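# Structural features, examined
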Amino acid sequence: MNIKKGIRTQRGANLNLKGSAEKIISNKISSSTYALNPDDFFGLIPKLSVNEGDIVKAGDPVFFNKKEPRIKIVSPVSGTIKSINRGAKRKIEQIIIESDGNNEMRSHKVDQWETLGRKELILLLLESGSWPFIKQRPYGTIANPDDLPNAIFVSTIDTAPLGADFQYIIEKNYDNFKTGLTVLNSLVEQAVFLGIDAAFSKPFENIENVQKYTVSGPHPAGNLSLHIQELSPINMGDKVWTVNAEDVANIGNFILTGVQDLKRTIALAGSAVKYPKYFSVNIGIELSPMLSEVTITEDQVRCINGDVLSGSTSHENGYLGYYNNTVSVIPEGNDYRMFGWLPFKDNHILSLSNTSFSKFFNKKGFSVDTSLNGEERALVVTGEMEKVFPLDLFPMQLIKACMIEDIEKMEALGIYEVVPEDFGLIDYANTSKLEAQEIIKQGIELMINEVG
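Residues numbered from 1 in each chain as written. Predicted model: local features only at pLDDT ≥ 70, side-chain atom pairs only at ≥ 80, totals over all residues. Heavy atoms only, no water.

What follows concerns the overall build of the chain. Of regular secondary structure, the chain possesses 11 helices and 20 strands. Taking 22 Å as the expected radius of gyration for a compact globule of 452 residues, we find that the chain reaches 22 Å, a close match to that expectation. With the C-alpha coordinates aligned to their principal axes, the bounding extent of the chain is approximately 65 × 50 × 45 Å. Counting all 452 residues of the chain, 53% fall into the buried class. (Helix = DSSP H or I, 4+ residues; strand = E, 2+ residues; numbered from the N terminus. Rg over C-alpha atoms; globule rule 2.2 N^0.38 Å. Buried < 20%, exposed > 50% of the residue type's maximum accessible area, 1.4 Å probe, protein only.)

Here it is in C-alpha cells:
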C-alpha cells in the first residue's frame, strides 16, 4: 500500500472510558419525527424554503444559506413539516419533520456522471443537498463552491473517547466510499488525502488515486487540523476542504443512484448504556428509540451529540445531530466529593494529573460523569495545555488573544489552523476550568465577521 507520510504524535491523551460500542449494527430503528438544527451548520444563516404543513420528499430543500442560496439543507425523510421552532429574536432553532413512513425520495439525473466537469459536478452536489458534507478550513464552515481548494482531506480515524470505528463503517459502504473519493478527486487539482490508522490497512489497501497517510498517537491525533498542518499547511488566502468518511460514502451513493439518502451510522456508547452498539439510521432521527433498545442503566443521564469532549448537550427526547457518528450517554454528576482536592483520593475518577493514582486503577475503563470537579480559576502558565495539544501552536496564548478579541494576535497565533474541537482535551485537562472550545468558537466567529 503506497503511503505518502506517517503522522505520529505523543502529545495528547487517550481517555479509557467504559461503554465502547460493540460491533453490531441495528438497521431497524426509525422514528415518527426527524429534526434539522441550523446550529449544526457553523456560520450558516438559515432561510426557510418551507412552511409548517408543507409536504416534502427526502431530498427536498428545507432551508438554505442566506449568504449563499445555492447551499441547501434537505429533508432526510419524506413527510410533513410538523413545526418550525424559534427562539429569541425569532431565531430558527429546529425544523421538525413528521415522517410518513414511505421514504419517498427526490431523484436527480446522474447518468454518465463520469463525463461531467468540475463545475457540473459542483452544481449537481449543490442541487442535491450533498454540498453541506464538504467543509472548509479556515473556520470549519461549509465550503464555498466558488473556491478552488489547495487540498481535500478525508480522515478515517476517530481517536475521541468512545468514538466510532470508521473502518467498520466503511466496510459496510465500501463501493460508495470509493465512488465518493472519485467525485472528490474531480473537485481538486491534486489527489485527495486519505488518512488511515497506522494499525490497520483494510479496507483501504485497494483504494487507488489518493494520497494515503497513516496516523498514530493519542487523542487528538485523529483531528484533521493536525493532518492539514503536517501535509498541506494553510497560509493566508489558502483553502482546504474536509469531508467526514461516511459522508464520502453518502456522496458516492447519491452519484450512483441519483437520490439523496441521508444515512448515518451511529456508535451509541457510554457508561450509562447497558448494551452499547451501532445503529444505521437517517440523519435527524429521534434519540429515544435507540436509547430504548440499548437500555439506560442510570436514572439521570446526559445525552451528548458527539463525544464526551467536544459533543453538544442533548436530552433523551432530542434528535441526532447532522454530522455526528457518536452519541454518548453518561451519568449526570450530581454528587459532591468531600475533600476531592486531596491527592491520591478518589482513584476511581479518571485524571491526567501525576498526583493521582487513577491511571493505575480501573484498567477495564472508567465510568465518568458530567462533574467539572472544580470551578473557573485564573489562567496560570503551567505547560499543561501544551502537553495535550499536538499542533505547532501556543494554545494558551491563542485562547487569551481570543478572549481580548485581538485579531492581529489571533492571526499570528494560528486561528486559521484550528477549529473548536481541537481544544476538547484542553477543556478536560486544564485546571483553570475555562471553556476553551467556546472561547475559540467565539474567536472564529469574530474572524468571520471582521475579516471574512
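Let us keep going from here.
Tallied over the entire structure, the rule returns 12 salt bridges. In this structure, arginine 70 engages aspartate 146 in a salt bridge whose closest nitrogen and oxygen atoms are separated by 2.9 Å. With arginine 70 in the loop between β6 (61-65) and β7 (72-74) and aspartate 146 in the loop between β11 (141-142) and β12 (151-155), this pair connects stretches of sequence that are 76 residues apart. When its relative accessible area of 30% is taken as the criterion, arginine 70 is described as partly exposed. Aspartate 146 sits in the exposed class, given a relative accessible area of 55%. (Salt bridge = Lys/Arg side-chain N within 4 Å of Asp/Glu carboxyl O.)

Moving on, we come to unusual backbone geometry. Residues arginine 137 and proline 138 are joined by a peptide bond in cis, for which omega reads 5°. With respect to the helices and strands, proline 138 occurs in the loop between β10 (134-137) and β11. Looking along the chain, the bond that leaves histidine 219 and enters proline 220 is cis, with omega of 15°. Phi angles above zero are rare outside glycine, and asparagine 209 is one such case at about 60°. With respect to the secondary-structure elements, asparagine 209 resides in the loop between β13 (193-197) and β14 (211-216). The exposed category is assigned to asparagine 209, whose relative accessible area is 62%.

With that out of the way, let us pick up the nonpolar core. In terms of nonpolar packing, the biggest core is built from 130 residues, with Trp131, Ile134, Val154, Phe177, Leu184 and Leu187 touching the most fellow members. Residue contacts for phenylalanine 177: discarding those within four places in its chain leaves Val154, Thr156, Ile170, Leu194, Phe204, Ile207, Ala245, Val248 and Ala249. (Core = buried A, V, L, I, M, F, W, Y, C linked by side-chain atoms within 4.5 Å. Contact = heavy atoms within 4.5 Å.)

A sheet is described by the order of its strands in space; here 6 strands give the open sequence β2-β17-β16-β20-β18-β19, paired in mixed fashion. If you trace the sheet from one side to the other, it starts and ends with β2 (22-26) and β19 (312-313), each paired once. Two strands pair when backbone bridges link them, and β2 and strand β17 (residues 277-282) are joined in this way by 3 bridges, in the parallel orientation. Across the sheet, the residue bridging to serine 26 is phenylalanine 279, located in β17. (Pairing = 2+ DSSP bridges.)

Note that every value here comes from positions in space, so none of it alone points to a role or purpose.
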